[in-house]
Amino acid sequence: MQRPLLTRRSVFAQAWPIMLGQTTVPLVGLVDTAVIGWTGDAAALAGVALGAAVIGFIFWAFGFLRMGMTGLTAQAQGRGERGEVDALLVRGLVAGIAIGSALVVAQIVLVPLALGLLAGGGSLDAAAEDFVRARFLGAPAALGFYAINGWLLGLGRTRATLMLQIAMNLANAALDIWFVHGMGMGARGVGLGTAIAEWIALLLGIAMVARIAGIDALLHQRGGLFVRDAWARLFAVNADIMMRTVALLTLFLWLANAGARLGAVQLAANHVLMQLVSIFAFVLDGFAFTAESRVGLAIGGGSRADLRRAIRLTGEFSLGFGLLATLASFWLGGTLIDLLSANEAVRAAARTVLPLAALAATVGVPAWLLDGVFIGATQGRALRNAAMLATALYILTDLSLRPFGAAGLWIALLASYVYRAGLLALHLPRLFATVAEAPARS
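So, how was this worked out
- Residues numbered from 1 in each chain as written.
- Predicted model: local features only at pLDDT ≥ 70, side-chain atom pairs only at ≥ 80, totals over all residues.
- Heavy atoms only, no water.
- Helix = DSSP H or I, 4+ residues; strand = E, 2+ residues; numbered from the N terminus.
- Buried < 20%, exposed > 50% of the residue type's maximum accessible area, 1.4 Å probe, protein only.
- Contact = heavy atoms within 4.5 Å.
- Salt bridge = Lys/Arg side-chain N within 4 Å of Asp/Glu carboxyl O.
- Core = buried A, V, L, I, M, F, W, Y, C linked by side-chain atoms within 4.5 Å.
- 1 Å grid on protein atoms, 1.4 Å probe; cavity = no way out; pocket = protein on both sides within 12 Å on 5 of 7 lines; lining within 4 Å.
- Points joined across faces, edges and corners; volume = space filled by probe spheres on them.
- Patch = residues over 30% accessible without salt bridge, like charges linked within 9 Å, V, L, I, M, F, W, Y side chains within 5 Å.
- Areas by Shrake-Rupley, 256 points an atom, 1.4 Å probe, with all protein chains shown as cover.
- Phe/Tyr/Trp six-rings, centres within 6.5 Å; stacked < 30°, edge-to-face > 60°.
- Lys NZ or Arg CZ within 6 Å of the ring centre and 35° of its normal.
- Axes fitted to C-alpha atoms, helices over the stretch in contact; angles between N-to-C directions.
- Parallel < 35°, antiparallel > 145°, perpendicular 65-115°, else oblique.
- Left-handed = near helix turned anticlockwise from the far one by under 90°.
- Nonpolar A, V, L, I, M, F, W, Y, C, P; charged D, E, K, R; others polar.
- Expected span 1.5 Å × (residues − 1).
- Bend = angle between axes of the 7 residues up to and from the residue.

**What about the overall build of the chain?**
Counting its regular elements, the chain contains 18 helices and 0 strands. In the chain, which comprises 442 residues, the proportion classed as buried is 60%. For the chain, contacts bridging at least 24 residues in sequence account for 86% of all contacts bridging at least 6.

**Observations concerning the pattern of salt bridges**
Inspection of the entire model under this criterion finds 15 salt bridges. Residues Glu84 and Arg91 are paired through a salt bridge, measuring 3.2 Å at the closest nitrogen-oxygen approach. With relative accessibility at 22%, the residue Glu84 sits in the partly exposed group. The partner of Asp338 in a salt bridge is Arg351, and the shortest N-O contact between them spans 2.8 Å. Separated by 13 residues along the polypeptide, Asp338 in helix H12 (residues 304-340) and Arg351 in helix H13 (residues 344-352) bring together distant segments of the chain. A relative accessible area of 37% means that Arg351 is categorised as partly exposed. If you follow the salt bridges from partner to partner, you end up with Asp338, Glu344, Arg347 and Arg351 in one network.

**What to know about the nonpolar core**
Ranked by internal contacts, the top residues of the largest apolar core, which has 57 residues, are Phe59, Phe62, Leu65, Phe136, Leu143 and Phe374. Sorting elements by how many residues they give to this core places helix H2 (residues 42-60) first, with 8 residues. When sequence neighbours within four positions are dropped, the list of residues in contact with Phe136 reads Ile55, Ile58, Phe59, Leu103, Val104, Gln107, Leu110 and Val111.

**A word on the layout of surface pockets**
Put simply, the largest pocket is a space of about 270 Å³. Surrounding the largest pocket, 14 residues form its lining, Ile279, Phe280, Ala325, Ala328 and Ser329 being those nearest its centre. Top contributing element to the lining of the largest pocket by residue count: H12, with 8 residues.

**A closer look at a nonpolar patch on the surface**
A surface patch of nonpolar side chains, amounting to about 350 Å² of accessible area, comprises Leu389, Leu393, Leu396 and Leu399. Along the chain, the position of Leu393 falls in helix H16 (residues 380-400). Given a relative accessible area of 32%, Leu393 falls into the partly exposed group.

**Considering the packing of aromatic side chains**
Aromatic ring pairs are reported here in terms of the distance separating the ring centres and the angle at which the planes meet. In this structure the tally under the stated criterion is 9 aromatic pairs. Both rings, one in Trp60 and one in Tyr146, keep their centres 4.7 Å apart while their planes meet at 90°; by these two values the pair is edge-to-face. With Trp60 in helix H2 and Tyr146 in helix H6 (residues 139-154), this pair connects stretches of sequence that are 86 residues apart. A connected cluster of aromatic rings, assembled from ring pairs, spans Phe12, Phe287, Phe317 and Phe321. Arg66 extends its terminal NZ or CZ atom over the ring of Phe289, reaching a point 4.2 Å from the ring centre.

**Considering the environment of Leu327**
Among the structural elements, Leu327 can be located in helix H12. Between the C-alpha atom of Leu327 and that of Ala358, which follows or precedes it by 31 residues, the distance is 7.8 Å.

**Re the packing of H16 against helix H17 (residues 405-425)**
Orientation of H16 relative to H17, taken along the N-to-C sense of each, is 150°, at an axis distance of 8 Å. By the angle between their axes, H16 is roughly antiparallel relative to H17. For the element pair H16 and H17, the recorded crossing hand is right-handed. Along its contact with H16, which presents Ala382, Leu383, Ala386, Leu389, Ala390, Leu393, Tyr394, Thr397 and Asp398, the element H17 presents Leu409, Ala412, Leu413, Ala415, Ser416, Tyr419, Arg420, Leu423 and Leu424. When grouped by side-chain class, the residues that make up the contact of H16 with H17 number 14 nonpolar, 2 polar and 2 charged.

**Concerning H12**
An α-helix turns once per 3.6 residues; consequently, residues spaced three or four apart project the same way. The terminal C-alpha atoms of H12, which comprises 37 residues, lie only 46 Å apart, well short of the 54 Å expected from a rise of 1.5 Å per residue. Helix geometry: H12 is bent most strongly at Leu332, by close to 60°.

**Looking at the packing of helix H11 (residues 264-301) against helix H15 (residues 365-376)**
In a pair of packed helices, the angle between the axes and the distance between the axes together describe the arrangement. Where H11 contacts H15, the axes come no closer than 7 Å and their chain directions differ by 30°. As the angle between them shows, H11 and H15 are arranged roughly parallel. Crossing angle aside, the handedness with which H11 passes H15 is right-handed. Residues Phe280, Ala281, Leu284, Asp285, Phe287, Ala288, Ala291, Glu292, Val295 and Gly296 of H11 touch H15, and the partners they reach there are Val365, Trp368, Leu369, Gly372, Val373, Ile375 and Gly376. Of the residues contributing to the contact of H11 with H15, the split by class is 12 nonpolar, 3 polar and 2 charged.

Structural data, given as structure tokens:
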């Protein structure tokens with residue numbers, strides 16, 4: 001199977017639909033925040049912030065269903081193993097729906113445990129619980145969609161992922177507005193609207209991948225569901241990625257808890273600013289996801305030169321767009337804050353630390369890009385070790401900067417990106433050593 005050409009034009013052609021699609025990913029959080037934020041209830045907004053942190057931690061703990069799927073699919077495609085490409089989709093989809101169904105049942109224990117660990121209380125916990133329990137109804141769909149999204153990205157089908165993201169976010173926006181402002185359901189309405197939108201996205205995704213792979217080809221993979229070695233390999237590759245994800249989610253859960261300790265207003269302000277950071281991360285992930293696919297193809301095809309070129313080209317684009325995003329944030333950040341909250345105290349608190357949040361677009365670039373490189377290479381151990389150590393260093397940094405309040409909280413977050421990038425960079429020589437030297441395609 002011939003590998004796609006590695007040129008700046010081809011890299012950008014693959015990345016721009018991801019960037020546009022990823023722009024719509026944080027729209028779930030933006031819409032959830034804006035819909036509840038414009039009720040003027042700071043406690044409800046803070047409750048959704050806590051609930052979103054809980055959902056992000058629990059759901060994205062299984063993010064390996066997206067990340068591992070991308071790397072494995074790209075490598076199988078690079079080796080020309082079409083049957084394995086289709087089999088990976090079926091296994092990932094079944095695993096995602098099964099794990100999500102188990103989470104629906106487990107929420108009875110998980111929700112009170114998670115909220116008990118956070119510094120909320122009173123009306124914050126009530127709003128957070130309403131939001132979280134509604135979101136859990138979409139768990140099977142969310143995790144199944146992870147697998148579909150990862151498979152499409154591994155194949156470089158970035159326009160397909162764009163269409164699915166847009167469909168999900170349009171449904172989410174419409175349902176949130178209807179449930180909250182039309183039916184007065186508050187935080188529960190926000191969670192329920194997002195859960196239903198996730199089911200819509202899953203059904204559309206299944207229809208799309210059936211058309212791409214062919215229904216007959218997918219049905220032929222039914223026997224692969226019972227191949228023990230294939231399942232063992234899938235989870236062995238992804239176990240380290242899962243631990244890496246849990247470490248990073250612990251970092252952001254600590255961040256949410258640190259904000260809660262500063263009060264409901266600062267927690268709400270941090271949540272508003274994290275929507276801005278999410279936009280940076282998700283948009284720049286367009287190049288990180290492209291790196292995942294290109295690195296996987298290079299490794300599957302056995303070309304160190306292609307690997308080096310993939311990292312260099314995606315890195316050039318990432319840095320350039322990161323600088324542009326920081327400049328845009330200094331210019332438009334205040335407007336975004338006003339759009340997301342009607343509470344003047346929340347607006348003022350967010351503006352105070354906006355310059356630090358804006359820097360995340362540039363400071364975070366190396367960490368986000370190297371994540372993509374090592375995910376595409378399915379080098380889970382490097383990802384795990386870097387994330388765990390970076391999270392530990394972040395917590396120590398945050399504790400030492402507590403006297404500086406909200407500014408210290410954001411400086412610690414920026415430092416965490418530097419820690420993660422530096423630790424991953426240490427593993428690059430070993431990654432190159434595992435791939436043969438071969439001519440690059442250009």
